[in-house]
Amino acid sequence: MLARVDRVLDLSWLREEVTDCYCANDGRPGIDPEAAVRLMLPGLLTGIVHDCKLMREAQVSIAIRWFAVMACTSSYRTIQA
């Protein structure tokens, strides 16, 4: 299912739209907005509504990792607020 969504999903416009919401030189770096949306979308499609549960699922689901365009060895704790 995620492969089909990936073929039609184009979020290239998103970074430009939210650029004003991020401060480049103050505080900790923001999460890539495209990666955040790509991580939340599988949660929405599978009925996972809690962030912590979604992060646990992303740790074990290669499909979610692939869809979110993150390496399988990435630490998902860095995404958690």
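Undergrad: Teacher, can you tell me more about the packing of helix H3 (residues 33–46) against helix H4 (residues 51–60) here?
TA: Two quantities define a packed helix pair, namely the angle between the helix axes and the distance between the axes. At a minimum axis distance of 10 Å, the contact between H3 and H4 shows a crossing angle of 100°. One element, H3, and the other, H4, form an angle in the roughly perpendicular class. Along its contact with H3, which presents Leu39, Met40 and Gly43, the element H4 presents Leu54, Met55 and Ala58. By residue class, the composition of the contact of H3 with H4 is five nonpolar, one polar and no charged.

Undergrad: Explain the pattern of salt bridges to me, please; I cannot follow it from the model alone.
TA: Applying the stated rule across the entire model yields three salt bridges. Where glutamate 34 meets arginine 15, a salt bridge forms, and the shortest distance between an N and an O atom there is 3.3 Å. One end of the pair, glutamate 34, is in helix H3; the other, arginine 15, is in helix H2 (residues 14–18), with 19 residues separating them in the sequence. By relative accessible area, which is 17% here, glutamate 34 ends up buried.

Procedures and definitions
- Residues numbered from 1 in each chain as written.
- Predicted model: local features only at pLDDT ≥ 70, side-chain atom pairs only at ≥ 80, totals over all residues.
- Heavy atoms only, no water.
- Axes fitted to C-alpha atoms, helices over the stretch in contact; angles between N-to-C directions.
- Helix = DSSP H or I, 4+ residues; strand = E, 2+ residues; numbered from the N terminus.
- Parallel < 35°, antiparallel > 145°, perpendicular 65-115°, else oblique.
- Contact = heavy atoms within 4.5 Å.
- Nonpolar A, V, L, I, M, F, W, Y, C, P; charged D, E, K, R; others polar.
- Salt bridge = Lys/Arg side-chain N within 4 Å of Asp/Glu carboxyl O.
- Buried < 20%, exposed > 50% of the residue type's maximum accessible area, 1.4 Å probe, protein only.

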